[in-house]
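Understanding the architecture of this molecule
Each chain, written out:
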Amino acid sequence: MSTHFLGRLSSSLMGLRTGRADTLAWATRHRLPHRRPYHVYVALGSNLGDRALNLQRAVEALNEPTLGHVQATSGLFESKAQYVTEQPDFLNAVCRIQTLLPPLALLSRLQEIEKMLGRVKGTQRFGPRTLDLDILYYHEDDDPSKPITFEKHGEKKGSEEGSLFVPHVRLHEREFVLRPLAELAPSLRHPSQEQITVKEMLRACARSRSEDTPPLVRVLPLKRRRGGGREKGSLLLPLDPAHNKTSTVVMGILNATPDSFSDGGIDAESVEAAVERAVRMREEGAGIIDIGGESTRPGADEVGEEEELRRVVPIIQGIRAHDKDTLLSIDTRRAGVARAAVEAGVDIVNDVSGGGFDSKMLATVAALDVPYIIMHMRGTPQTMMQRQHSTYNEDAVEEVCGELWGAVGRAEEEGVRRWSMLVDPGIGFAKGLEVNMALLRGLDCVCERMVGLPVLVGVSRKKFLGTLCDEPRAEERDVMTSVVNAVAISRGAAMVRVHNVPMAVQTVRLADSLRK
């Protein structure tokens with residue numbers, strides 16, 4: 001490995017881990033000169049050490065300027081080992097990179113990255129490894145319908161050692177590669193497999209899977225370690241409605257505001273009361289506690305950043321003083337609040353503006369390297385119900401999905417990895433009754449259009465429920481909330497955000513059972 005490459009790679013990795021602005025901008029926005037760049041799909045896998053961190057560092061290394069630019073990443077998927085089964089479970093992903101390197105030169109660089117991140121070539125083929133990088137597809141320019149075919153046979157006859165075949169010869173039999181690849185390029189065709197698409201190969205793999213082999217499960221990587229730091233490895237939260245053994249996550253609402261539409265003032269009275277409420281919600285079954293210091297109900301007054309920080313940071317610190325393990329999210333539109341909350345102990349950033357309010361939010365989340373919930377919204381809480389923001393075309397579901405997917409793309413351009421994203425269609429935000437109902441009826445279409453990203457639904461006690469059921473009191477809308485949440489779960493929601501945690505937990509248990 002060249003000294004030049006090690007120096008440049010080490011600099012990039014250190015800059016990205018510390019959030020250095022110039023390195024982050026270079027690594028995430030770098031565009032190669034126009035010299036017929038290749039677009040390449042690379043599979044990543046790890047089953048030793050901190051698997052999520054291994055894959056994250058590999059992606060950072062692939063973003064090294066002399067190698068290429070990472071354009072997109074898939075979700076993370078946990079799977080049982082396929083060929084040599086007596087070994088730890090793997091974590092898998094796929095990324096799409098743009099590079100000027102031809103296949104053999106890229107392979108050499110991938111092997112350097114594997115070695116640098118701790119892979120030791122052993123005698124057991126398909127055995128455990130800290131990192132495995134495989135080239136799946138190559139194509140020129142932006143036309144994936146014309147994949148480049150490349151073959152290099154190894155020196156030992158009958159052995160794949162030292163060989164390189166592009167597209168990958170074993171792709172059609174590897175569900176752990178096909179499922180993440182299908183999130184990025186479902187229509188890619190394999191020239192040696194009768195031109196069938198990635199999506200078709202995935203279906204065939206799923207049909208041929210034995211009953212003893214559990215399906216892959218999509219997981220959300222969290223920055224802190226399992227067991228509050230007592231165990232090795234990043235914490236992984238299963239978020240996969242397609243998996244029969246994963247449960248819908250209940251997110252409990254903790255408002256540190258005096259003017260929220262449903263429970264304003266209840267959790268804002270004192271830090272002690274808010275901490276007690278958070279502890280109670282966790283005991284009741286909430287998987288995540290969502291802490292907010294600014295009301296975003298229609299017409300709510302904007303709160304300054306200093307006041308928002310004053311409301312939420314002491315609560316986060318108070319919860320963490322009692323409980324190191326509960327997952328916490330911060331409901332904020334501001335990058336400064338997001339950073340302070342994460343530094344105080346929050347795990348997830350929940351942004352109702354989807355990065356549209358604060359121009360620094362996306363880069364901040366990328367540097368913090370925490371999960372990010374992107375919600376669909378137009379305007380601000382003060383303006384979102386005005387006609388110019390709440391009017392949609394005949395296909396409101398498609399319009400919302402298009403705008404939401406655009407927000408996902410902008411986040412990805414700023415360095416937020418797709419495996420760290422969730423999306424929220426934003427029920428009640430810049431939407432009237434008919435659009436809210438259309439989104440709930442079409443939630444399965446929303447999930448499909450979001451191409452594997454976990455979908456959060458937040459309808460708890462909202463006004464449209466009261467309009468439909470003639471109930472003006474927000475606190476009396478919990479049954480209505482549960483009915484809608486059950487429908488949302490049946491149509492693919494991975495998480496529900498609620499005020500009444502015990503009722504939501506019961507709803508989730510029943511709805512999950514029916515879905516499975």
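Residues numbered from 1 in each chain as written. Predicted model: local features only at pLDDT ≥ 70, side-chain atom pairs only at ≥ 80, totals over all residues. Heavy atoms only, no water.

Here's the deal with the environment of Met-495
For Met-495, the location among the structural elements is in strand E17 (residues 495-498). You can call Met-495 buried: its relative accessible area is 1%. Residues Met-495 and Asn-485 lie 10 residues apart in sequence; the distance between their C-alpha atoms is 9.3 Å. (Helix = DSSP H or I, 4+ residues; strand = E, 2+ residues; numbered from the N terminus. Buried < 20%, exposed > 50% of the residue type's maximum accessible area, 1.4 Å probe, protein only.)

Re the pattern of salt bridges
Side chains that differ in charge, positive against negative, can pair when their charged atoms come close. A full pass over the atoms with the stated rule returns 29 salt bridges. Put simply, Arg-179 and Asp-240 hold a salt bridge, and the shortest N to O gap is 3.1 Å. Of this pair, Arg-179 sits in helix H5 (residues 175-184) while Asp-240 sits in the loop between strand E9 (234-238) and strand E10 (249-255), and the two are 61 residues apart along the sequence. Residue class for Arg-179 comes out partly exposed when judged on its relative accessible area of 21%. With a relative accessible area of 4%, Asp-240 lands in the buried category. It is possible to trace a salt-bridge network through shared partners that takes in Glu-294, Glu-302, Glu-308, Arg-333 and Arg-334. (Salt bridge = Lys/Arg side-chain N within 4 Å of Asp/Glu carboxyl O.)

Overview of a nonpolar patch on the surface
A cluster of nonpolar side chains, contributed by Val-479, Val-483 and Val-487, occupies part of the molecular surface with about 240 Å² of accessible area. By the secondary structure assignment, Val-483 is in helix H16 (residues 478-490). (Patch = residues over 30% accessible without salt bridge, like charges linked within 9 Å, V, L, I, M, F, W, Y side chains within 5 Å. Areas by Shrake-Rupley, 256 points an atom, 1.4 Å probe, with all protein chains shown as cover.)

Regarding the environment of Arg-277
Its place among the elements puts Arg-277 in helix H7 (residues 271-284). Overall, Arg-277 belongs to the buried group, its relative accessible area being 14%. Sequence separation between Arg-277 and Ile-319 is 42 residues, and the spatial gap between their C-alpha atoms is 9.8 Å. Polar contacts involving the side chain of Arg-277 include one to the main-chain carbonyl oxygen of His-499, which spans 3.1 Å. (Polar contact = N/O pair within 3.5 Å; in protein donor to acceptor, adjacent residues only side chain to side chain.)

Let's talk about the packing of aromatic side chains
Applying the stated criterion to the full structure yields 1 aromatic pair. For the cation-ring pair, Arg-333 lies above Phe-357, with the distance from its terminal atom to the ring centre recorded as 3.9 Å. It is Arg-378 that lies over the ring of Tyr-392; its NZ or CZ is 3.9 Å from the centre. (Phe/Tyr/Trp six-rings, centres within 6.5 Å; stacked < 30°, edge-to-face > 60°. Lys NZ or Arg CZ within 6 Å of the ring centre and 35° of its normal.)

What to know about the confidence of the model for the chain
On average, the chain scores 86 in pLDDT, and the residues at 70 or more come to 86%. Low pLDDT (under 50) marks residues 1-34, which in the prediction has 58 contacts with non-local residues, meaning those over four places away or in another chain. (pLDDT = per-residue confidence, 0-100. Contact = heavy atoms within 4.5 Å.)

Focus on the nonpolar core
Counting 78 residues, the largest nonpolar core has Leu-254, Ile-291 and Val-349 as its most contacted members. Membership of the second largest hydrophobic core comes to 33 residues, among which are Val-42, Leu-44, Leu-91 and Ile-113. (Core = buried A, V, L, I, M, F, W, Y, C linked by side-chain atoms within 4.5 Å.)

Some words on the sheet that holds strand E13 (residues 348-351)
The strand order across the open sheet formed by 8 strands is E15-E14-E13-E12-E11-E10-E17-E16, and the pairing between neighbours is parallel. At either margin of the open sheet sits one strand with a lone partner, and together these are strand E15 (421-424) and strand E16 (456-457). In the sheet, E10 pairs with strand E11 (residues 288-292) via 5 bridges, with the strands oriented parallel. In the sheet register, Met-251 faces E11, and the bridge partner there is Ile-288. (Pairing = 2+ DSSP bridges.)

Description of unusual backbone geometry
Here Val-166 and Pro-167 are connected by a cis peptide whose omega angle stands at -5°. Inspection of the secondary structure assignment puts Pro-167 in the loop between strand E7 (164-166) and H5. Positioned with a positive phi, Val-451 is a non-glycine residue whose angle comes to about 50°. Mapped onto the fold, Val-451 is located in the loop between helix H14 (443-449) and E16.

Regarding the packing of helix H9 (residues 335-344) against helix H10 (residues 361-368)
Each pair of packed helices can be summarised by the angle the axes make with each other and by the distance between the axes. Taken N-terminus to C-terminus, the directions of H9 and H10 make an angle of 15°; their axes are 9 Å apart at the nearest point. With respect to their mutual orientation, H9 and H10 come out roughly parallel. Between H9 and H10 the crossing geometry is right-handed. Facing H9, whose interface residues are Ala-335, Ala-338, Arg-339 and Val-342, H10 presents Met-361, Thr-364, Ala-367 and Leu-368. Partitioning the contact of H9 with H10 into residue classes produces 6 nonpolar, 1 polar and 1 charged. (Axes fitted to C-alpha atoms, helices over the stretch in contact; angles between N-to-C directions. Parallel < 35°, antiparallel > 145°, perpendicular 65-115°, else oblique. Left-handed = near helix turned anticlockwise from the far one by under 90°. Nonpolar A, V, L, I, M, F, W, Y, C, P; charged D, E, K, R; others polar.)

Quick notes on helix H13 (residues 433-441)
Among all positions in H13, only Val-435, Asn-436, Met-437, Leu-439 and Leu-440 are buried. Buried residues along H13 sit against helix H12 (396-413), H14, E16, helix H15 (463-469) and H16.

Examining the pairing of strand E4 (residues 90-99)
Counting buried positions along E4 gives 9 out of 10 residues, so the element sits mostly inside the fold. Here strand E3 (residues 76-79) pairs with E4 via 3 bridges, running antiparallel. Along E4, the bridge assignment pairs Glu-78 with Leu-91.

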